[in-house]
Amino acid sequence: MGIELSERVQAVPPSGIRKFFELAEERDDVISLGVGEPDFATPWRARTAAVDSLERGQTSYTANRGMASLREAISDHVGAKYDLAYDAEDEILVTAGASEAVDLAFRAFVNPGDTVAVAEPAYVSYAPGVTFAGGEVLPVPTYERDEFRLTREALEESGAADAEVLVMCFPNNPTGATMREEHLRPIAEFAVENDLTVVSDEIYAALQYEHEHTSIATLPGMRERTVVVNGFSKAYAMTGLRLGYVMGPSEAVMGMNRIHQYGMLSAPTTAQHAALEALESCDDAVAEMTAAYDRRRNFLLARFEELGIECFRAKGAFYAFPEVPTDQTGDAFAEDLLKAEGVAVVPGSVFGDGGEGHLRVSYATGLEDLREATDRLERFLD
Amino acid sequence: MTASARDALLESLLENARYTTEDLARMTGLDEGDVEAAIAELEADGVVRGYRPVVDWESTDRERVRAVVEVNVELDRETGYADVAERLAGYDAVDTLRLVSGDYDFHVEILGESMRDVSAFIADEVAPLPAVTQTVTHYAMTTYKESGVEFGDGDDDDRLSVSP
Ligand SMILES: Cc1ncc(COP(=O)(O)O)c(C=O)c1O
């Protein structure tokens, strides 16, 4: 008899993205609009800082919470950019990617049987993370008519008033939706009225094209009940370096740190040096990448319009979330498109039931490839 | 045409000057007529001075020699920097010409078919100019980057083809 997996693990199905990955790997002419990470390499200065730190032999653990200099730089950065005020001493924890931060939040705040409301469509890790922590997921739908923003009505209708935790992510993966302060306000009021803890995944905060980012933690009554997750993967094109951070009231962050200090010890040291340099000297590189994403976003949305594909005007991250242009399911359409034309997109249903009928199309891809992919899509639809 | 639309267009052209008008329109949200007009305006205003490919001559079988020449000049009442520059800029062999701060006055890049060609050009046309007091010539041995384009093999896209 082999090793028996725990019920918790058995309860979580393998990711729906896997099938498309395998199909895409079968052929070598695939243009992928299915990638959830930047196509840019990490800014050069950050890369050289990582190399320099290795050459200096800075290869030991750091403090559990992360290097003090990095926490201070993060504190300054989010203060200047998002009006967030967190003390580098005990309100910021540096993690192995935003992924670890999200996982820590669930493990630190969810008791067995607790309900965790998740705004859907949602990044694929939230529901499994909640399950691993012993919680129950309560999906809260977002709708195309609201440009996939979370609304108070949806929270009320799905019974989120009885939840313990609310997880939200704006700018959103997979929809590209963003929320302005006026949209966040009713959500904040609902959270205060119903005493919800909010996990706000703001990893795409820097990638917004039509308005500034507002963090829900800056709204009245929210700081004490919110943890804000952010990281370097998307804004600084540092996915492989595995570095993120989480900010919140001291008790919450120190609670997460208690798990982190046993489970991780400290986030990767080399990546912390790269991240410090990124914060200190890579604003220009971020601005340049953001401008390139914006050009591609405009291009892609213009092409959808020309092809008669319905798509709301996504304002953040690097995803568009068009409707499936045939009467197929998203899954069937994506599979046919991949097989016929070698263009990979991800069906929206991978991100929760509310994503059915849509496709996630990533524009973290050079313009030449976007043009070729949309030309193939046009041929496919003919 | 707003300044920001002009800027957006310029940024797109800097990324790739061969984008079609149609694609530039899609990227900037302007219509094609406006793109044409804005480009014409950028050209007429002297903002966009030209378009040309970045060529790695080492990848061709043509012999091309590039030299960087430091040129020192002595000005007098009749001759200013602009006069010397105008004289130098007129030669086809002068690819790039800038007045610079530091130990010398002009930074001149010469492009020629052979080292002999380039040396002859400097000896016959540059050094004898009355204002020129000194030239120091550096022949380029290898080009690694030009006009923002690296000549290496580039980074491979090694991302997973589909990821969350
Ligand atoms: C919404 C969201 N949160 C978190 C992550 C994970 O980021 P990291 O690389 O920092 O772990 C991703 C990556 O795709 C994401 O899209």
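Model, not experiment: these values are computed from the prediction.

What counts and what doesn't
Residues numbered from 1 in each chain as written. Chains lettered and ligands numbered in written order. Predicted model: local features only at pLDDT ≥ 70, side-chain atom pairs only at ≥ 80, totals over all residues. Heavy atoms only, no water. Helix = DSSP H or I, 4+ residues; strand = E, 2+ residues; numbered from the N terminus. Rg over C-alpha atoms; globule rule 2.2 N^0.38 Å. Buried < 20%, exposed > 50% of the residue type's maximum accessible area, 1.4 Å probe, protein only. Contact = heavy atoms within 4.5 Å. Near = heavy atom within 4 Å. Polar contact = N/O pair within 3.5 Å; in protein donor to acceptor, adjacent residues only side chain to side chain. Areas by Shrake-Rupley, 256 points an atom, 1.4 Å probe, with all protein chains shown as cover. pLDDT = per-residue confidence, 0-100. 1 Å grid on protein atoms, 1.4 Å probe; cavity = no way out; pocket = protein on both sides within 12 Å on 5 of 7 lines; lining within 4 Å. Points joined across faces, edges and corners; volume = space filled by probe spheres on them. Nonpolar A, V, L, I, M, F, W, Y, C, P; charged D, E, K, R; others polar. Domains from an automatic or database assignment. Pairing = 2+ DSSP bridges. Axes fitted to C-alpha atoms, helices over the stretch in contact; angles between N-to-C directions. Buried area = accessible area lost by both parts, 1.4 Å probe. Salt bridge = Lys/Arg side-chain N within 4 Å of Asp/Glu carboxyl O. Expected span 1.5 Å × (residues − 1). Patch = residues over 30% accessible without salt bridge, like charges linked within 9 Å, V, L, I, M, F, W, Y side chains within 5 Å. Lys, Arg positive; Asp, Glu negative; His and termini not counted. Charge placed at Lys NZ, Arg CZ, Asp CG, Glu CD.

### Things to note about the overall build of chain A
Each helix and strand counted, chain A has 13 helices and 12 strands in total. Computed over C-alpha atoms, the radius of gyration of chain A comes to 20 Å, within 12% of the 21 Å expected from 2.2 N^0.38 for 382 residues, which places it in the range of a compact globule. Considering only C-alpha atoms, chain A reaches an extent of 60 × 60 × 50 Å along its principal axes. Here chain A holds 382 residues, and 57% of them are scored as buried. At a minimum sequence separation of 6, the contacts of chain A that also span at least 24 residues come to 75%.

### Focus: the site of the ligand
Residue and element names in this part refer to chain A. For the ligand, the set of nearby residues contains 14 residues, the closest of which are Ala 98, Ser 99, Asp 201, Ser 233 and Lys 234. Residue Asn 173 places a side-chain N or O atom 2.8 Å away from an oxygen atom belonging to the ligand. In this structure, a nitrogen atom belonging to the ligand sits 2.6 Å away from a side-chain N or O atom of Asp 201. For the ligand, whose free accessible area comes to 400 Å², the fraction covered by protein is 96%.

### What to know about the confidence of the model for chain B
Residue and element names in this part refer to chain B. Per-residue confidence for chain B gives a mean pLDDT of 95; residues scoring 70 or more make up 99%. Model confidence for chain B, summarised as mean pLDDT per element, is weakest for helix H1 (residues 3-15) at 91 and strongest for strand E2 (residues 94-99) at 98. Across the predicted assembly, pTM comes out at 0.94 and ipTM at 0.88.

### Looking at the layout of surface pockets
Residues and elements named next belong to chain A. Computed from the structure, the second largest pocket encloses a volume of approximately 600 Å³. Considering the residues around the second largest pocket, the lining is formed by 27 residues, among which Ser 15, Gly 16, Val 124, Pro 128 and Val 350 are closest to the centre. Among the elements that make up the lining of the second largest pocket, the one with the highest residue count is helix H6 (residues 126-132) (four residues). Taken together, the residues of the lining of the second largest pocket sort by class into 18 nonpolar, six polar and three charged. Domain assignment of the residues forming the lining of the second largest pocket places at least three in each of domain 1 (7-42 + 284-381) and domain 2 (44-281).

### Some words on the sheet that holds strand E7 (residues 226-231) of chain A
Residues and elements named next belong to chain A. Read from one edge of the open sheet, seven strands run E2-E8-E7-E6-E5-E3-E4, paired in mixed fashion. With partners counted over all chains shown, the strands left at the sheet margins are strand E2 (92-95) and strand E4 (136-141), one partner each. Sheet twist, expressed as the mean angle between neighbouring strand axes with direction ignored, is 20°. With four bridges connecting them, E7 and strand E8 (residues 244-247) associate as antiparallel partners. Across the sheet, residue Val 229 finds its bridge partner in E8, namely Val 246. Packing against the sheet, helix H9 (residues 250-263) makes contact with E2, E7 and E8, and its axis sits at approximately 30° to E2.

### Quick notes on the domain arrangement of chain A
Residues and elements named next belong to chain A. In terms of domain boundaries, chain A breaks down into domain 1 (7-42 + 284-381) and domain 2 (44-281). Using only C-alpha atoms to locate each centre, domain 1 and domain 2 end up separated by 24 Å. Between domain 1 and domain 2, the residue contacts involve 36 residues of the former and 36 residues of the latter. Across the domain 1/domain 2 interface, buried area totals approximately 3,100 Å², and carbon plus sulfur atoms make up 61% of it. The largest per-residue losses of area from domain 1 upon contact with domain 2 belong to Thr 42, Phe 312 and Lys 315, which jointly make up 26% of the total buried on that side. Applying the counting criterion to the domain 1 and domain 2 interface returns three salt bridges. Inspection of the region where domain 1 meets domain 2 yields 18 residue pairs in polar contact (both at pLDDT 80 or more).

### Description of the environment of Ala 267 of chain A
Residues and elements named next belong to chain A. Here Ala 267 is to be found in the loop between H9 and helix H10 (269-281). Relative accessible area serves as the criterion here: at 1%, Ala 267 is assigned to the buried category. Sequence spacing of Ala 267 and Thr 197 is 70 residues, and the spatial spacing of their C-alpha atoms is 25 Å. When sequence neighbours within four positions are dropped, the list of residues in contact with Ala 267 reads Val 94, Thr 95, Ala 96, Leu 243, His 260 and Gln 272.

### A short note on the pairing of E2 of chain B
Bridge count for E2 of chain B against strand E3 (residues 106-112) of chain B is five bridges, and the pairing is antiparallel. If you follow Thr 96 of chain B over to E3 of chain B, its bridge partner there is Glu 109 of chain B.

### Focus: H9 of chain A
Owing to its 3.6 residues per turn, the α-helix brings residues three or four apart onto one side. Residue and element names in this part refer to chain A. For H9, with 14 residues, the first-to-last C-alpha span of 19 Å sits near the 20 Å given by 1.5 Å per residue. Listed in full, the buried residues belonging to H9 are Ser 250, Ala 252, Val 253, Met 256, Asn 257 and His 260. Directly after H9, the chain includes Leu 265, whose backbone phi takes a positive value near 70°.

### Comments concerning the sheet that holds strand E9 (residues 319-320) of chain A
Taken in spatial order, the three strands make up an open sheet running E9-E12-E11 (chain A), and their pairing is antiparallel. Two strands lie at the open edges of the sheet, namely E9 and strand E11 (346-347) of chain A, each paired on one side alone.

### Some details on the pattern of salt bridges
Residues and elements named next belong to chain B. Tallied over the full model, the rule gives 38 salt bridges over all chains. In this structure, Arg 66 and Asp 95 form a salt bridge, with 3.4 Å as the shortest nitrogen-oxygen distance. Of this pair, Arg 66 sits in strand E1 (residues 65-73) while Asp 95 sits in strand E2, and the two are 29 residues apart along the sequence. In this structure Arg 66 comes out as buried when scored by relative accessible area, which is 14%.

### Here we look at a negative patch on the surface
A cluster of acidic residues, Asp 283, Asp 284 and Glu 288 of chain A together with Asp 7 and Glu 11 of chain B, forms a negative patch on the protein surface. Listed by contribution, the elements that provide at least two residues to the negative patch are helix H11 (283-306) of chain A together with H1 of chain B. The element best represented in the negative patch is H11 of chain A, accounting for three residues. Within the element layout of this structure, Glu 11 of chain B appears in helix H1. Here Glu 11 of chain B falls in the partly exposed class, since its relative accessible area comes to 41%.

### Things to note about the interface of chain A and chain B
In this assembly, 34 residues from chain A lie in contact with 16 residues from chain B. Across the chain A/chain B interface, buried area totals approximately 1,900 Å², and carbon plus sulfur atoms make up 51% of it. Taken together, the connections running from chain A to chain B amount to three salt bridges. Those elements that place two or more of their residues in the side of chain A that touches chain B are helix H2 (17-25), H11 and helix H13 (367-381) of chain A.

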